[in-house]
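These are the residues of each chain, in order.
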Amino acid sequence: MGKSRTILGATGAMVCVSLVAACGGQPGSQSSAAPSAPASSAAAGGPVTIEWWGWAPGYEDAAKAWNASHPGVQVKFTQTQPGSQGGYQRMLAAVKAGNAPCLAQVGAETLPSFLVEGALEDITAHAQPYNTRFQPWTLNTVTFGGKQFGIPVDSGPMGMFYRKDIFDKHGIEVPKTWDEYAAAAEKLRKADPEVSITTFTPDDMYGFAGFAQQAGARWFGISGDAWQVRMNDEATVKVANYWQGLIDKKLVDVMPGWSDGLWKNYTDGKSATFVGAVWMTKVLEDSISKTSGKWAVAPMPVWDVASPSVGNVGGSPNAVLKGCANPKEAVDFAAWLSTDATAFNDLIDKGGLFPVTVDGGSLPNMSGARPFYGDQKVFQVFAEASKNVSPDFSWGPTMPAVNSVFGEAFGKAANGKGGTLAEAMATIQEKAVASLKDKGLTVAP
Amino acid sequence: MKPTLRSRTLTTAFMFVVAVYVLLPVWWLLVSATKSGGDLFDTPALWFGEINLGTNVGRLMEQDGGVYPRWLINTVIYSVGGAVGATVVSAMAGYALSKYPFRGRGAVFAVIMFAVLIPVPLLGLPLYLLLTQLGLLNTMWGVLLPSMVSPFGVYLARVYADAAVPTDLLEAGRLDGAGELRIFFTVAVRLMAPALVTLFLFQFVAIWNNFFLPMIVLNDEKLWPVTLGLVKWNSLRTGFYRDMVITGAFVSVIPVILAFIGLQRFWKADLAAGSVKV
């Protein structure tokens, strides 16, 4: 355990390569149970088969559409459990067993974990020709130490969902900056003590990361062959102190994320805004349907009007798993999925996915008017936002562990049970560094 | 001797509190399963709004091409098949360990006891590799076979056979010319019945609720048990599926409740019988 690994998990990778070679190199061996070995069929001149695992709705149909127009490369999609619910565990087991799919849906926050497990193929060369089609910041989420390990599919640029009727009723202007947001919070409480500006969800690390990213935080990075961890950098502390201020003045409610209490607050009109990712659009429509027609969407409040950067929450790239015999074909398909106008237009509708391409905003399904938001063309607001996502944020290799520490420390602070949010970030930083060291990874001071 | 009124009242009060504590989530599930999506956060959590149970169940059965009934049937196959298998294997192994002296008996039993201590998730990767080699990945057998193994069941069967099956009785059977198998099935199994019912129920519930094993083994959604399906739906995180998850969870506990009510007669009577014998 104490043995230190190189940054890209080379030790693990070597083991995997040799394991895969051992399994795949002997035709007719015990590995016959493994789903189809594409290499042999390619050599025989038949169509190449690409196995693809994922769970996003709409992927199955996308694979069918590709197969119809690409007889030479056939994609076989298999639905798995969502990653954090066991899907990732299964993918890693399959890599170790030597029967992993060529392509897999791996969340941006999980890619680094796969990387240090040696479960990913470097696809820099194959991906290069397609990269001009993608928003540059989305490529940063799949690039580590200068090598690319995934093809971005979707993103979650943030915006501000707000109750238009409440703002109108009290004659309060919709805030454009965080200063205005805090001022609006005070006016709102004065006008109606029952109503807060928002319900803060302290256990939602990924949401808070979006806030921190907007302010310019860089929680993880790579320097030489060591990981950098900066979960309490200046930008993060600024954001933590901002929310601490709102909590101290009792201008926001505090509830666990995704809880009944949270939705009840919004159903009852007790909170007037929800600052979150684009995929909340549908979640709000479904979860608080009683308030339909009263909402609207505005750009996320910014720190600096001159450089209006925004945060991003989520995004699930497709990665080529270790041992894939046809990485080029896998990348070709993945790039098609993310960039083909017809294919992705369908995914917007069926999967609720938000494009990562430079011209994604012009897809037909991006301009639908949504009754829940008073027939506003909501996605257009986010399409604008996605051009301004703060570009340098990436994740580390131990996010599940960090996430649970975060939930506990932040929850305590936000509920006034000890310390401030900024102090909590210091604790989280410490534990995050420890979690990397536990994995035998080198952490730069 | 009758317990005093005071102690009876106290006991009843205590049991009442425990019952409320245990039943409250089930009550919430029942109430929530009758609500439409909008009502869920709009009406009191523990009391009925508009009753939509029929609509919810109807939608549940048709959602995603009627995949839920399929999951339910799969769960029944895994639970009944696995529990029957585990009961038979455990009964035979426990009986053998109890009644047949052979070299290494203690060691075998020690190994089985040790297996009780190993947390199941630790076995995930080895199991995956093993099933890959056997070609059982993504098949029903991949879930059924591991479900039939229950170290705790072997332990229970052995301890119970020690106490409830008199060796003299087996001798009598042998003198009458019955073969070992016949003695086992006609004499021992009947005497061990209470333990076997317990074992069956434990294993049935454990498999019914199991998530980890099928998650590791199964790719194909059509082979999934209810647990995997509900977790998938829940992770889609839209209001529509939340209704389905709640109703689906409610429907999926009904068979377990029925199994307990149906088997509890044997269980209760026999546990008491066992305690007297011991």
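Bear in mind the structure is a predicted one, so any value in this text is a computation, not a measurement. (Residues numbered from 1 in each chain as written. Chains lettered and ligands numbered in written order. Predicted model: local features only at pLDDT ≥ 70, side-chain atom pairs only at ≥ 80, totals over all residues.)

A.B. asks: An account of the overall build of chain A is requested, with residue identities and associated values reported.
C.D. replies: Of regular secondary structure, chain A possesses 18 helices and 13 strands. Burial statistics for chain A: of 445 residues in total, 52% are counted as buried. Considering only contacts within chain A whose residues lie at least 6 apart along the sequence, 76% involve residues at least 24 apart. (Helix = DSSP H or I, 4+ residues; strand = E, 2+ residues; numbered from the N terminus. Buried ≥ 20, exposed ≤ 12 C-beta atoms within 10 Å, placed from the backbone. Contact = placed C-beta atoms within 7 Å.)

A.B. asks: Break down the UniProt feature "transmembrane region" (unreviewed entry) in chain B for me, with residues and values.
C.D. replies: Residue and element names in this part refer to chain B. Under the UniProt annotation, "transmembrane region" (unreviewed entry) lies at residues 12-30, 71-95, 107-129, 141-161, 181-208 and 244-263. The distance from the first to the last C-alpha atom of residues 107-129 is 27 Å, and the span holds 70% helix and 0% strand. The span residues 181-208 is 100% helical and 0% strand by assignment, and the distance between its end C-alpha atoms comes to 31 Å. (UniProt positions renumbered as here; feature names shortened; annotations may be inferred.)

A.B. asks: Outline helix α2 (residues 53-99) of chain B, listing residues and values.
C.D. replies: Along its 47 residues, α2 of chain B runs just 53 Å from first to last C-alpha, ending more than 12% under the 69 Å computed at 1.5 Å per residue. At glycine 65 of chain B, α2 of chain B shows its maximal bend, which comes to roughly 120°, and the proline proline 69 of chain B appears one to four places after that position. (Expected span 1.5 Å × (residues − 1). Bend = angle between axes of the 7 residues up to and from the residue.)

A.B. asks: Give a description of the packing of helix α3 (residues 105-116) of chain B against helix α6 (residues 151-164) of chain B that names residues and reports values.
C.D. replies: Residue and element names in this part refer to chain B. Where α3 meets α6, the axes come as close as 8 Å, and the angle between the chain directions of the two elements is 130°. As far as their axial angle goes, α6 and α3 are oblique. As for how α3 packs across α6, the hand of that crossing is left-handed. Contacts from Phe109, Ile112, Met113, Ala115 and Val116 in α3 reach Pro151, Phe152, Val154, Tyr155 and Arg158 in α6. When the residues that make up the contact of α3 with α6 are grouped by side-chain class, the tally is nine nonpolar, no polar and one charged. (Axes fitted to C-alpha atoms, helices over the stretch in contact; angles between N-to-C directions. Parallel < 35°, antiparallel > 145°, perpendicular 65-115°, else oblique. Left-handed = near helix turned anticlockwise from the far one by under 90°. Nonpolar A, V, L, I, M, F, W, Y, C, P; charged D, E, K, R; others polar.)

A.B. asks: Describe the domain arrangement of chain A, and please don't skip the residues or the numbers.
C.D. replies: Residues and elements named next belong to chain A. When cut into domains, chain A gives domain 1 (10-155 + 315-367) and domain 2 (158-312 + 398-438). Every contact between the two is made by nine residues of domain 1 and, on the other side, eight residues of domain 2. For the side of domain 1 that touches domain 2, the class distribution of residues is two nonpolar, six polar and one charged. (Domains from an automatic or database assignment.)

A.B. asks: Describe in detail the confidence of the model for chain B, supporting the description with residues and values.
C.D. replies: All names here are of chain B. Per-residue confidence for chain B gives a mean pLDDT of 88, with 94% of residues at or over 70. Within chain B, helix α11 (residues 239-277) has the poorest average pLDDT of any element, 76, and helix α5 (residues 140-147) the best, 95. Here the predicted complex scores 0.81 on pTM and 0.72 on ipTM. (pLDDT = per-residue confidence, 0-100.)

A.B. asks: If you had to explain the pairing of strand β11 (residues 271-277) of chain A to someone new, which residues and values would you point to?
C.D. replies: Residue and element names in this part refer to chain A. Across the seven residues that make up β11, a large majority, seven, are buried. Relative to β11, strand β6 (residues 158-163) is paired through five bridges, and the arrangement is antiparallel. Within β11, the position partnered with glycine 159 by the bridge is glycine 276. One ladder, built from two bridges, connects strand β7 (residues 196-200) with β11; its direction is parallel. Across the sheet, serine 196 pairs through a bridge with serine 271, a residue of β11. (Pairing = 2+ DSSP bridges.)

A.B. asks: How would you sum up the interface of chain A and chain B? Please name residues and give values.
C.D. replies: Contacts between the two partners involve 28 residues from chain A, matched on the other side by 25 residues from chain B. Contributing elements (two or more residues each) for the side of chain A that touches chain B: β2 (73-79), α4 (87-97), α12 (260-267) and α13 (280-287) of chain A. In terms of residue count, α4 of chain A provides more of the side of chain A that touches chain B than any other element does, five residues in total. Tallied by class, residues from the side of chain A that touches chain B come to eight nonpolar, 13 polar and seven charged.

A.B. asks: Lay out the sheet that holds strand β3 (residues 103-105) of chain A with the relevant residues and their values.
C.D. replies: All names here are of chain A. Read across the sheet, four strands follow the order β2-β1-β3-β13 without closing on themselves; strand pairing throughout is mixed. On the outer flanks of this sheet lie β2 and β13 (318-320), each paired with one strand and no other. The mean angle between the axes of side-by-side strands here comes to 25°, regardless of whether they run parallel or antiparallel. Inspection of the sheet shows β3 paired to β13 by three bridges, in the antiparallel sense. Bridging from a neighbouring strand, glutamine 105 pairs with asparagine 318 of β13. Its contacts with the sheet place helix α3 (residues 59-69) against β1 (48-54) and β2, and it is angled at close to 170° to β2.

A.B. asks: Hey, could you go over the sheet that holds strand β12 (residues 295-299) of chain A for me, with residue numbers and the actual values?
C.D. replies: Residues and elements named next belong to chain A. Ordered in space as β10-β7-β11-β6-β12, the five strands form an open sheet in which the pairing is mixed. One side of each edge strand has no neighbouring strand; the edge strands of this open sheet are β10 (253-254) and β12. Taken together, the five bridges between β6 and β12 define a ladder with antiparallel strand orientation. If you follow arginine 163 over to β12, its bridge partner there is tryptophan 295.

A.B. asks: So what's going on with helix α17 (residues 399-414) of chain A? Which residues, and what values?
C.D. replies: Residue and element names in this part refer to chain A. Between its first and last C-alpha atoms α17 spans 21 Å; for 16 residues at 1.5 Å apiece the expected length is 22 Å, and the two agree. For α17, the set of buried residues is Met399, Val402, Val405, Phe406, Ala409, Phe410, Ala413 and Ala414. Projected down its long axis, α17 carries its buried residues within an arc of 145°, all on one side. Structurally, α17 contributes buried residues whose contacts are with α5 (111-116), β7, α10 (205-214), α11 (234-248), β10 and α18 (421-438). In the segment just after α17, glycine 416 is the residue with positive phi, at about 70°. (Arc of directions from axis to C-beta.)

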